[in-house]
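Listed below are the residues making up each chain.
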Amino acid sequence: MNTTANAYGLPDPEELEAWAQPYFSEYGAEEAGRPPNAVSGVSPSAAPSVGYSPVVQPYTGADAGATAGRAVGAGFDVNRIRADFPILNERLSNGKKLIWLDNGATTQKPRQVIDRLSYFYEHENSNVHRGAHELAARSTDAYEAARNTVAKFLGAPSKDNIVFVRGTTEGINLVAHSYVRPLLGPGDEIVLTILEHHANIVPWQLIAQETGAVIKVAPVDSDGQIILPEYTRLFGPRTRFASVTHVSNALGTITPVHEMVQIAHGFGVRILVDGAQSVAHTPINVTALDADFFVFSGHKIFAPTGIGAVYGKTDALNEAAPYQGGGNMIRDVTFERTVYNPPPSKFEAGTGSIADAVGLGAALDYVSQIGLPNISAYEHELLDYATCELCGIKGLRFIGTAKEKASVLSFVLEGATTEQVGKHLADRGIAVRAGHHCAQPILRHYGLESTVRPTLAFYNTAGEVDELVRAVREIAPKF
Ligand code: PMP
C-alpha cells in the first residue's frame, strides 16, 4: 500500500493549492478551514504552487514586546509563522520569555513536525523493509517518501542519491571512510579551508593519519572570505579530495561553493559540501551546484535530531565501499562473503531513525511551503538590521564581516568575557552560543578562543533583535 500525505490527513502541494483556492482569495482569510499541515501565514493563492504570499504589512515589533527601529520583513508574516512553533511561547524559570537565537546549534520544531512524529508512532510504527505486514508497509512507504522529499528539496536526480545518516558529522565520516580513504596513499592530499567545523576536519585527519595523506588548508582574508586564487594554488597532482563548508558556523561567511566545485573538478578532484549551516537559509540545488557530495543535519532545519542526509552522485556512491556492516545493507550473506545492496541501502546498516526521517520529510515540506527564497530574503533583512544595530555598540567587535553572510552574528565585547555576555543574555531569556563553536582554527586565526554567537532563523523578529541589542548594551563598556 501507499502511505501518502493523504493517508494522514495531509494534502500534497497540488491538492493544497486547488483545495485552498476558493477559501483564500486573499491573505488573511479564515484559518478555520486550513489543512492540518499548512503553514500559518502562507497564502496558497501565491504562484507557483504553494509559495509564500507577500503580506503588505510593516513589522510592528509588538510580538517581542519591543518596537523595531525600522520595518523589517514587510511582506513576511513572521508572527503567523511563529504560531507554528509552540516552544517560542515558552517562559523560562526566571519568568522571561524565551528568545531563541541559538539556531546555528539547533532549530526549534513546528507543530507540523511534532504532529507528524506522533502520527508515525500512533499509526505507522514498524521496522522498514522487513516483515510482510501492513505496518511494515506503512512505515516503509513513509520512510521512502521522506527520502524522496529530501531528494526533491536538494534538487537531486533520484531518491537513490540520498543516504539517511544521523547528521552532518556522520555524513562526513561516511564519505571519508567509504569513498575517500580507499583513494589515499602516503603523500596524497585533501584540501579543506580554515573555516571548517571540527566535523569537517577531524574525520579527514583520522584517515590522513591512517594512510599518510596530508591536509592542505585554504586561508581567508580579514573579513573571513575564501581567497579563491590561494584556494586554487592548493590543488595539484596529489590532491585526492576536497571538502568545504557552504556557510561557516562561526562567522556566517557564505563560501563561493560554485566556484570551488569548479576549481576542484578542474583538477579532476571530487568535492564535498557541508550544508549544515546553509540548508535552512538558502536554496540548494545539488545538480546545479555539481557537488559530488552534499551533507546536512535535519535538526538545523526544523526536523528532529539524530537524522540527516548525504547526497552523493550516483557514480561516486557506486564506487564507495560500505560504511558499516549489518542488516539492511546486504543482498546475500554467507560466512565466506557478502553481496551488498546497491546505494543507498548499502550505506544504511541496521535500523535507522525511521520516525525522525519521516519528521525530516515533514520539516522540508514545511520549509518548502514557505519557500526558501522568501526565507532567505527575510533573514537577510533581519541580519542586516541586527548587524546595523549591534555595530552601534561601543566595544563590540564583529568576528566575520564577509560581504555574503547567512544567519550568524559572531562578536566579542570589550571588558566582558564571552561567558559573561552569554550568561547576561541568558538571564534575559536570550539563548545564544558563547564558546568556540567547534571551529577552533578559524577563531584562533582571529586570535580568539571564543565568541558570542547569536544565530537567526526565519521565526526570529526585529523585536527580538532589539531585545538582544538592549541586553548587550547593558554590559557594554560605557565610554
Ligand atoms: N558542520 C557545520 C558547519 C556545523 O555548523 C555543524 C553543527 N554545528 C556540523 C558540521 C555538525 O553537525 P551535527 O552536529 O549535526 O552532526
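Chemist: I would appreciate a short explanation of the overall build of the chain in the present structure.
Modeler: Looking only at helices and strands, the chain features 15 helices and 15 strands. Total accessible area on the chain stands at roughly 19300 Å², and carbon and sulfur atoms take up 52% of it.

Chemist: Looking at this structure, I do not really get the site of the ligand. What am I missing?
Modeler: As a structural note, the neighbourhood of the ligand is formed by Thr 168, Thr 169, His 197, Ala 199, Thr 245, Asn 249, Asp 274, Ala 276, Gln 277, Ser 297, His 299 and Lys 300. One of the side-chain nitrogen or oxygen atoms of Ser 297 is found 2.7 Å away from an oxygen atom of the ligand. Burial of the ligand by the protein chains amounts to 85% of its free accessible area of 400 Å². Considered class by class, the residues forming the shell around the ligand number two nonpolar, eight polar and two charged.

Chemist: Please clarify how the sheet that holds strand E3 (residues 189-193) should be interpreted in this entry.
Modeler: Where strands meet in a sheet, backbone hydrogen bonds hold them as pairs that are either parallel or antiparallel. Spatially, the seven strands line up as an open sheet ordered E2-E8-E7-E6-E5-E3-E4, and their pairing is mixed. The outermost strands of the open sheet, each flanked by one partner alone, are strand E2 (162-165) and strand E4 (214-218). Neighbouring strand axes in the sheet, compared pairwise and without regard to direction, differ in orientation by 20° on average. Inspection of the sheet shows strand E5 (residues 239-245) paired to strand E6 (residues 270-274) by five bridges, in the parallel sense. Along E6, the bridge assignment pairs Phe 241 with Arg 270.

Chemist: Help me understand the packing of aromatic side chains in this model?
Modeler: Aromatic ring pairs are described here by two measures, namely the spacing of the ring centres and the angle between the planes. Per the stated rule, a full pass over the model turns up 17 aromatic pairs. Relative to Phe 241, the ring of Tyr 179 has its centre 6.1 Å away and its plane inclined at 55°; by these criteria the two rings are tilted. With Tyr 179 in helix H5 (residues 168-180) and Phe 241 in strand E5, the pair connects residues that are 62 residues apart, well separated along the chain. Ring geometry for Trp 204 versus Phe 241: centroids 5.4 Å apart, planes at 35°, classification tilted. Of this pair, Trp 204 sits in helix H6 (residues 202-211) while Phe 241 sits in strand E5, and the two are 37 residues apart along the sequence. In this structure, Trp 204 and Phe 241 share a single accessibility class: buried. Each member of the aromatic cluster is reached from another via a ring pair, and the members are Phe 85, Phe 302, Tyr 366, Phe 458 and Tyr 459.

Chemist: Could you clarify how one ought to interpret the environment of Phe 164 in this entry?
Modeler: Relative to the helices and strands, Phe 164 is located in strand E2. Given the relative accessible area of 7%, Phe 164 is considered buried. For the pair Phe 164 and Arg 147, spaced 17 residues apart in the sequence, the C-alpha separation amounts to 7.8 Å. In this structure, Phe 164 is in contact with Tyr 143, Ala 146, Arg 147, Val 150, Ile 307, Gly 308, Glu 348, Ala 357 and Leu 360, ignoring residues within four places of it in sequence.

Chemist: What should I look at first to understand the nonpolar core in this one?
Modeler: With 108 residues, the main nonpolar core has Leu 154, Tyr 231, Ile 301 and Phe 458 as its most contacted residues. Counting residues per element, this core draws most heavily on helix H11 (residues 354-370), at eleven residues. One finds Ile 172, Leu 192, Phe 241 and Val 310 within the second-largest nonpolar core, a separate group that totals 24 residues.

Conventions we followed
Residues numbered from 1 in each chain as written. Predicted model: local features only at pLDDT ≥ 70, side-chain atom pairs only at ≥ 80, totals over all residues. Heavy atoms only, no water. Helix = DSSP H or I, 4+ residues; strand = E, 2+ residues; numbered from the N terminus. Areas by Shrake-Rupley, 256 points an atom, 1.4 Å probe, with all protein chains shown as cover. Near = heavy atom within 4 Å. Polar contact = N/O pair within 3.5 Å; in protein donor to acceptor, adjacent residues only side chain to side chain. Nonpolar A, V, L, I, M, F, W, Y, C, P; charged D, E, K, R; others polar. Pairing = 2+ DSSP bridges. Axes fitted to C-alpha atoms, helices over the stretch in contact; angles between N-to-C directions. Phe/Tyr/Trp six-rings, centres within 6.5 Å; stacked < 30°, edge-to-face > 60°. Buried < 20%, exposed > 50% of the residue type's maximum accessible area, 1.4 Å probe, protein only. Contact = heavy atoms within 4.5 Å. Core = buried A, V, L, I, M, F, W, Y, C linked by side-chain atoms within 4.5 Å.

Taken by themselves, the reported measurements are silent on function.
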